[in-house]
Amino acid sequence: MASQSDGRRSSEELSSASDSEGEEYFKDVAEFLHDVTSDVTRQPDTEEMHWSDIDAAPSVSGWPEEQSSPGLVSQILSTLSNKLWRTEADQIKILFASSVLMQFFKVWAVSAGQAILPWYYTLTMPPLIMWRIYTYTKQNWHYFCFDYCYFGNLAIFLMLLFAPSCPNLFILQFCIANGLLYTGAFSFRNSLVFHSVDKMTSTYIHSAPVLLVFGIRWFPEEASRFWHSSFPTEFAPVSLQWNIVAPLIFCACHVVFYTTLVYGILRPGKDVITSFRYLKNTPIARKLFRKPRFYHFMGMQFFIVALMSLVTLVTYTYYWLHVAQVLCLVAIVTWNGATYYVDVFRMSLVKKKE
């Protein structure tokens with residue numbers, strides 16, 4: 001292949017060198033295929049060669065180093081990553097393109113492919129949560145994984161699998177998704193930063209349940225088409241019991257679980273970050289409370305759940321109001337993403353050049 005210096009040649013030089021460049025291109029392709037086949041078919045001597053001896057691509061996502069000899073699939077992936085994922089710039093390009101394409105897919109799924117939504121959620125949520133637990137544990141952020149957001153996603157996941165046709169439980173799912181999960185995108189400043197796996201995962205955790213219940217609520221027959229059981233076609237009317245009381249009870253269960261596990265049993269050290277330690281230093285927490293305490297944090301959770309449950313009384317009933325609520329979430333995470341690219345990412349590039 002022609003190098004970047006070849007691209008800067010004059011047109012006369014390019015025309016005279018076209019034959020040699022063609023030969024170089026086919027030579028590079030042949031070398032690439034030879035490297036792949038030789039690395040795959042070669043049987044390494046375990047006494048002389050280890051996984052670390054293979055030229056690995058720059059560590060991008062923090063995978064642990066393998067200590068044993070790799071299998072066939074691992075060798076193929078390693079070789080391909082060496083050839084296709086050479087620099088940090090390649091990483092950004094691939095992640096950015098993949099994330100943008102995924103947003104197009106979700107827009108299509110919500111607007112015209114609602115039958116895909118239940119499968120999309122159930123197939124993507126578990127691996128993303130497991131990846132989040134792994135990466136956050138390495139950074140001492142794993143206590144975030146006990147938060148309401150993960151508790152709520154687990155409840156929606158289980159109800160989707162085992163009780164999809166129960167109208168009352170769907171109201172609870174609707175309130176969970178459009179309650180603290182919805183407002184969590186605002187509290188934690190979720191953003192569409194397309195090249196960041198961490199930020200896109202956070203946005204997914206708070207927005208995917210909202211899109212899921214939107215598709216089921218307003219297009220139940222289409223959403224049921226490929227699912228193992230039909231969703232309710234006649235939904236239960238709004239009620240104090242299921243729109244207000246049930247979400248508050250669910251929140252109370254999480255508060256008891258979280259307080260007992262985190263502060264009663266585990267008792268994290270000062271070097272570990274929890275959601276309370278993170279949120280108490282935010283500007284809004286400082287404005288609301290002079291000295292934020294844990295009971296302030298839990299009290300705010302109950303307040304937000306009660307407030308958003310009242311909102312669901314109308315968004316559950318009126319289609320266009322629910323559309324407006326979803327668009328508000330999309331606008332916020334898009335704005336936060338634009339802010340990141342203009343104010344943070346741009347400045348980091350400037351500092352690297354300096």
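Counting of residues starts from 1 at the beginning of each chain's written sequence and follows it residue by residue. Reporting of local features is limited, given that this is a predicted model, to residues whose pLDDT is at least 70; pairs of side-chain atoms are given and counted only at 80 or more, and all residues count toward the totals for whole chains, interfaces and linings. Hydrogen atoms and water are omitted, and side-chain values are computed over all heavy atoms in the structure.

A. Quick look at the layout of surface pockets. Using protein atoms alone on a 1 Å grid, points that fit a 1.4 Å probe yet trap it form a cavity, whereas open point sets bounded by protein on both sides within 12 Å along at least five of seven lines form a pocket; residues with an atom within 4 Å of a point count as lining. Grid points are joined across faces, edges and corners, and a volume is the space filled by probe spheres set on the points. Of the voids in this model, the second largest pocket is the one considered here, and its volume is about 690 Å³. Around the second largest pocket, the lining is made up of 29 residues, and of these Ser187, Leu279, Ile284, Phe297 and Ile304 lie nearest the centre. Numbered from the N terminus, helices here are DSSP runs of H or I no shorter than four residues, and strands are runs of E no shorter than two. When contributions to the lining of the second largest pocket are tallied by element, the ones reaching two or more residues are helix H7 (148-162), helix H9 (180-187), helix H13 (275-279), helix H14 (283-288) and helix H15 (294-315).

B. Layout of a nonpolar patch on the surface. On the surface, a nonpolar cluster with roughly 330 Å² of combined accessible area is contributed by Trp119, Leu123 and Phe226. For Trp119, the position within the fold is in helix H6 (residues 117-138). Patches in this entry comprise residues that are over 30% relatively accessible and not in a salt bridge; like charges within 9 Å are linked, as are nonpolar side chains (Val, Leu, Ile, Met, Phe, Trp, Tyr) within 5 Å. Values of accessible area rely on a 1.4 Å probe in the Shrake-Rupley scheme; residue burial ignores everything except the protein chains shown. Salt bridges are defined as contacts in which a side-chain nitrogen from Lys or Arg sits within 4 Å of a carboxyl oxygen from Asp or Glu.

C. Spotlight on the nonpolar core. Ranked by size, the top nonpolar core spans 65 residues in total, and within it Tyr121, Ile156, Leu160, Phe170, Ile176, Leu212 and Ile216 carry the most contacts. Ranked by residue count, the leading element in this core is helix H10 (residues 197-218), at 11 residues. Whether two residues are in contact is decided by their heavy atoms: any pair within 4.5 Å suffices. The residues contacting Leu160, other than those within four sequence positions of it, are Pro118, Tyr121, Thr122, Gln173, Leu212, Ile216, Trp227, His228 and Phe231. Residues belong to one nonpolar core when they are buried, are Ala, Val, Leu, Ile, Met, Phe, Trp, Tyr or Cys, and are joined through side-chain atoms within 4.5 Å. Between buried and exposed lies partly exposed: a residue is buried under 20% and exposed over 50% of the maximum accessible area for its type, with that area taken using a 1.4 Å probe on protein chains only.

D. Quick peek at unusual backbone geometry. Non-glycine residue Asn140 carries a positive phi angle of around 60°. Non-glycine residue Arg267 carries a positive phi angle of around 50°. Assignment of secondary structure puts Arg267 in the loop between helix H12 (240-266) and H13.

E. View of the packing of aromatic side chains. Aromatic pairing here means that ring centres of Phe, Tyr or Trp (its six-membered ring) are within 6.5 Å. Orientation follows from the plane angle: under 30 degrees is stacked, over 60 is edge-to-face, and everything else is tilted. Applying the stated rule across the entire model yields 33 aromatic pairs. Consider the rings of Phe144 and Tyr278, whose centres lie 6.2 Å apart with planes at 70°: the pair is edge-to-face. Residue Phe144 is located in the loop between H6 and H7, and its partner Tyr278 is located in helix H13; the two are separated by 134 residues in the primary sequence. On the basis of relative accessible area, Phe144 is assigned to the buried category, the value being 12%. Relative to Tyr316, the ring of Phe174 lies with its centre 5.2 Å away and its plane at 80°, an arrangement referred to as edge-to-face. Remark: Tyr316 occurs in the loop between H15 and helix H16 (319-353) and Phe174 occurs in helix H8 (residues 167-177); sequence separation between them is 142 residues.

F. How the structure looks around H12. Any helix carries an expected span of 1.5 Å times its number of residues minus one. The end-to-end C-alpha separation of H12 is 36 Å, in line with the 39 Å expected for 27 residues at 1.5 Å each. The sharpest bend along H12 comes to roughly 30°, located at Ala246, with the proline Pro247 sitting one to four residues further on. Looking at H12, one finds that the buried residues are Asn243, Ile244, Ala246, Pro247, Phe250, Cys251, His254, Val255, Tyr258, Leu261 and Val262. Close packing links the buried residues of H12 with H7, H8, H13 and H15. Across the chain, bend at a residue is computed as the angle between axes fitted to the seven residues ending at that point and the seven starting from it.

G. Spatial organisation of the pattern of salt bridges. One pass over the full model with this rule turns up two salt bridges. Across the salt bridge formed by Asp198 and Arg132, the nearest N and O atoms sit 3.2 Å from each other. Remark: Arg132 occurs in helix H6 and Asp198 occurs in helix H10; sequence separation between them is 66 residues. For Arg132, a relative accessible area of 3% puts it in the buried group. Note that Glu222 and Arg225 form a salt bridge whose closest N and O atoms lie 2.6 Å from each other. For Glu222, a relative accessible area of 25% corresponds to the partly exposed category.

H. The packing of H7 against H10, seen in detail. Whenever a helix is involved, its axis is fitted only over the stretch in contact; in every case the axis is a line through C-alpha atoms, and angles between N-to-C directions fall within 0 to 180 degrees. Relative to each other, H7 and H10 sit at 30°, their axes nearing to 10 Å. Comparing their axes, H10 and H7 come out roughly parallel. For the crossing formed where H7 meets H10, the hand is left-handed. Packed against H7, whose contacting residues are Cys149, Tyr150, Asn153, Ile156 and Leu160, the element H10 presents Ile205, His206, Pro209, Leu212 and Ile216 at the interface. Residues are grouped as follows: Ala, Val, Leu, Ile, Met, Phe, Trp, Tyr, Cys and Pro are nonpolar; Asp, Glu, Lys and Arg are charged; all remaining types, including Gly, are polar. Looking at side-chain class alone, the contact of H7 with H10 contains eight nonpolar, two polar and no charged residues. Should an angle lie under 35 degrees it is considered roughly parallel, over 145 roughly antiparallel, and from 65 to 115 roughly perpendicular; all remaining angles are considered oblique. The handedness criterion is simple: a crossing whose near helix is rotated anticlockwise from the far helix by less than a right angle is left-handed, and one whose near helix is rotated clockwise is right-handed.

I. Inspection of the confidence of the model for the chain at higher detail. Put simply, the chain has an average pLDDT of 81, and 74% of its residues get 70 or more. Contacts of residues 1-22 to residues separated by more than four positions or lying in other chains number 10 contacts, the stretch itself having pLDDT below 50. Confidence per residue, as judged by the predictor, is encoded in pLDDT with a range of 0 to 100. A low-confidence stretch, residues 32-69 (pLDDT under 50), is modelled with 42 contacts involving residues beyond four sequence positions or located in other chains.

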